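This is what each chain is made of:
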Amino acid sequence: MSSPHPGEEPRPQDAPTEPTRPVPATPEQRAMPSAHEQSAGDQPAGGQPGGAQPATQHNEPLPRSPYLPFDSLGGQGQAPRQAGWGATPQPYNMDHQLYTQQHLTTPPPTRRRGPGWGGAIALALAAALVAGGLGGLVGGVTADDTGGGPTIVQRDGDTAQRPDGSVASIAADAVPSVVTVRVRAAGGGGTGSGWVYDDSGHIVTNNHVVEGAGSGGSVSIELSDGSRRDAKVVGKDSSYDLAVLEVDPQGLEPLAIGRSSEVVVGDEVVAVGSPLGLGSTVTAGIVSALERPVTAGEAGDESFISAIQTDAAINPGNSGGPLLNGDGDVIGVNSAIAQVPGQQQASGSIGVGFAIPSDVVVRTVDQLIETGTAQHPIIGVSLDRRWDGEGAKVLEDSDVDSGRAVIPDGPADNAGVEPGDVITELDGRRITDLDQLITRIRAKAVGDKVTLTIQRDGKQQDLSMTLEAAEEK
């Protein structure tokens, strides 16, 4: 019997017209199971093959919004509302959204919200970014519930030992602490990645991996040995695209966490996760660049990442998995991959991936564990997305529907920022556009002191301020 095509039921064999005597298998044949071999308990009535079916492909085109290319699960996006630092709706000009980033997921593209699709986003890069990571591939292959089976790294003898610092050594230590995150909801499911954060059973992953569970879905994790544990979401934050799960901590070993502030371009890195549901997958590369401004999500619900760029292969399903340095310490959480501009459907890795820096991860995750929410630093201004000049321009009061362009008694107001000012530098470093300013501010902590260089009436001046926390909505 030939293998069924993806998405088809196996064809029943014709009944034999007369009894036939089975031909004894040779020892060599008995030692080589077929691709569809399974236990007797998996055989359905009639003797037809059962068990897992081949992965199904979803090739339907995804509708686009005239404003933002995609929403969370391929439905029409909503008209964007650009909230600046004053959280006031701002005018939006599509001419300046040059490229987009999309979140990917394993669920079929029929639900509006699901684990993986984070929507479309503007990005200050010469490429369209696709949120990588995530739980599978819409328009591509989806992993079945088995996730392709676990990969177990063993180091039981001298032949399995590798030098400290080698990819094999790092993988052997890290793989048992990296998990596949599985989400089930009424409209479907998806997979992503995560890793053990502490001895209390906290697992770090991306918000867009688990957001589809909502209030009625379920989340579980699968360990490298194939065992599964139920999980509950203890906190999540769309602005930083991070979430924390809690599971039974028995036998779990946390990963060591490094300082992303000490990372330099050219450092060797290792990525571990579950691309397309294939658990315990390890890839390696280098740090390609630092502080790439990546902005993902629907308007008003964006994620802002000053990302570590890497050429380590990161594919749909890797989202939430760790990016490790040469010592095996976590220096980032893999979250996005790049897509060739003009390509309609998301592809796999093209060697341009992005991770949330570990310094931001630790600060945010600790807040999520303690309170269930995270603080977002602000300077207290509304920015003009229509501005196409250098830097980021503060709106005029007349362009704000309600309130003021500079929040009264906010950090910027107290420092002397006025409507119409153009911010050209942050802490002496050039600001090219609005997204870069936002991601750099979000990479800092509430209470940090910063200096803005602004242009007003053709003159430059430096203004110092202390970042404050955005008000909870």
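In what follows, the structure referred to is the one given above.
What this report covers is the structure whose coordinates are included nearby.

Cut-off values and rules
Position numbers for residues count from 1 along each chain, tracking the sequence in the order it is written. For this predicted model, a pLDDT threshold of at least 70 governs which residues receive local features, and a threshold of 80 or more governs which side-chain atom pairs are given and counted, while totals over whole chains, interfaces and linings are taken from all residues. Only hydrogens and water are removed before side-chain values are computed, so all heavy atoms of the structure are retained for them. Helix and strand assignments follow DSSP, with helices taken as H or I runs no shorter than four residues and strands as E runs no shorter than two, numbered in order from the N terminus. Accessibility here uses a 1.4 Å probe with only protein chains present; expressed as a share of the type maximum, an area under 20% marks a residue as buried, one over 50% as exposed, and anything in between as partly exposed. Note on contacts: a residue pair qualifies if any of its non-hydrogen atoms lie within 4.5 Å across the two residues. As used here, the term nonpolar core means buried Ala, Val, Leu, Ile, Met, Phe, Trp, Tyr and Cys residues forming a set that is joined through side-chain atoms within 4.5 Å. By definition here, a salt bridge exists when the distance from a side-chain nitrogen of Lys or Arg to a carboxyl oxygen of Asp or Glu is within 4 Å. Should DSSP find at least two bridges between two strands, the strands are taken to pair. Angles run from 0 to 180 degrees between N-to-C directions of axes, and those axes are lines fitted to C-alpha atoms, restricted for helices to the stretch in contact. Helix span, expected: 1.5 Å multiplied by one less than the number of residues in the helix.

1. Some thoughts on the overall build of the chain
Secondary structure summary: the chain contains six helices and 24 strands in total. A total of 473 residues make up the chain; the buried ones form 49% of that total. A separation of at least 24 residues holds for 69% of the contacts in the chain among residues at least 6 apart in sequence.

2. Regarding unusual backbone geometry
In this structure, Asp241 takes a positive phi of about 55 degrees despite not being glycine. Relative to the helices and strands, Asp241 is located in the loop between β10 (228–237) and β11 (242–246). Even without glycine at this site, Ser280 takes up a positive phi of about 60 degrees. When you line up the elements, Ser280 lands in the loop between β12 (268–273) and β13 (281–296).

3. Looking at the nonpolar core
Within the largest apolar cluster, 29 residues are counted, with the highest numbers of intra-cluster contacts made by Trp195, Val204, Leu324 and Val361. If you list the elements that add at least two residues to this core, you get α2 (167–174), β11, β12, β14 (303–310), β16 (330–339), β17 (353–357) and α4 (358–371). Those residues in contact with Leu324 that sit more than four places away from it in its chain are Ile170, Ala174, Leu255, Glu268, Val269, Val270, Val272, Asp329, Val330 and Ile331. In this structure, Ala392, Ala415, Val417 and Ile441 belong to the second largest nonpolar core, which totals 26 residues.

4. Structural notes on the pattern of salt bridges
Scanning the entire structure with this criterion turns up twelve salt bridges. The salt bridge involving Arg456 is made with Glu418; its shortest N-O contact spans 3.6 Å. Residue Arg456 is found in strand β22 (residues 449–456), and its partner Glu418 is found in the loop between α5 (411–415) and β20 (422–426); the two are separated by 38 residues along the sequence. With relative accessibility at 38%, the residue Glu418 sits in the partly exposed group.

5. Some thoughts on the sheet that holds β10
Taken in spatial order, the six strands close into a barrel running β6-β7-β8-β11-β10-β9, and their pairing is antiparallel. Put simply, the sheet's adjacent strands are angled 40 degrees from each other on average, direction ignored. When strand β9 (residues 218–222) meets β10, the two strands line up antiparallel, connected through four bridges. Bridge pairing in β10 places Glu222 opposite Arg228.

6. Some thoughts on the side chain of Ser319
With respect to the element layout, Ser319 can be found in the loop between β14 and β15 (322–324). Judged by relative accessible area, which is 0%, Ser319 ranks as buried.

7. As for the environment of Leu452
Tracing the backbone through its elements, the reader meets Leu452 in strand β22. Note on Leu452: relative accessible area 0%, which makes it buried. In this structure, the C-alpha to C-alpha distance between Leu452 and Ile379, residues 73 residues apart in sequence, is 9.9 Å. Other than its neighbours up to four places away in sequence, Leu452 contacts Ile379, Ile423, Glu425, Leu426, Gln461, Asp462, Leu463 and Met465.

8. Overview of α4
With 14 residues, α4 should reach 20 Å at 1.5 Å per residue; the first-to-last C-alpha distance of 20 Å fits that figure. Of the surrounding elements, those touching the buried residues of α4 are β7 (188–196), β8 (202–205), β10, β11, β16 and β17. Directly beyond the C-terminal end of α4, a positive phi value near 85 degrees is found at Gly372.

9. What about the pairing of β16?
In terms of burial, β16 is a largely internal element, ten of the ten residues being buried. In this structure, β15 lies alongside β16, joined through three bridges in antiparallel fashion. Looking across to β16, one finds that Leu323 is bridged to Gly332. Counting the residues between successive antiparallel strands, the hairpin from β15 to β16 contains five residues, one of them, Gly328, with a positive phi of roughly 85 degrees. Looking at chain direction, β16 and β17 are connected through five bridges and run antiparallel. Directly across from Asn334, in β17, lies its bridge partner Ala355.

10. A word on the environment of Ser382
As for its position among the elements, Ser382 is in the loop between β18 (377–378) and β19 (392–393). Judged by relative accessible area, Ser382 falls into the buried class, the value being 0%.

11. Notes on the environment of Ile286
Position of Ile286 relative to the elements: it lies in strand β13. The class of Ile286 is partly exposed, set by a relative accessible area of 35%. In sequence terms Ile286 and Gly326 are 40 residues apart; their C-alpha atoms lie 10.0 Å from each other. Setting aside residues no more than four positions away along its own chain, Ile286 makes contact with Gly266, Asp267, Glu268, Val269, Gln309, Thr310 and Asp311.

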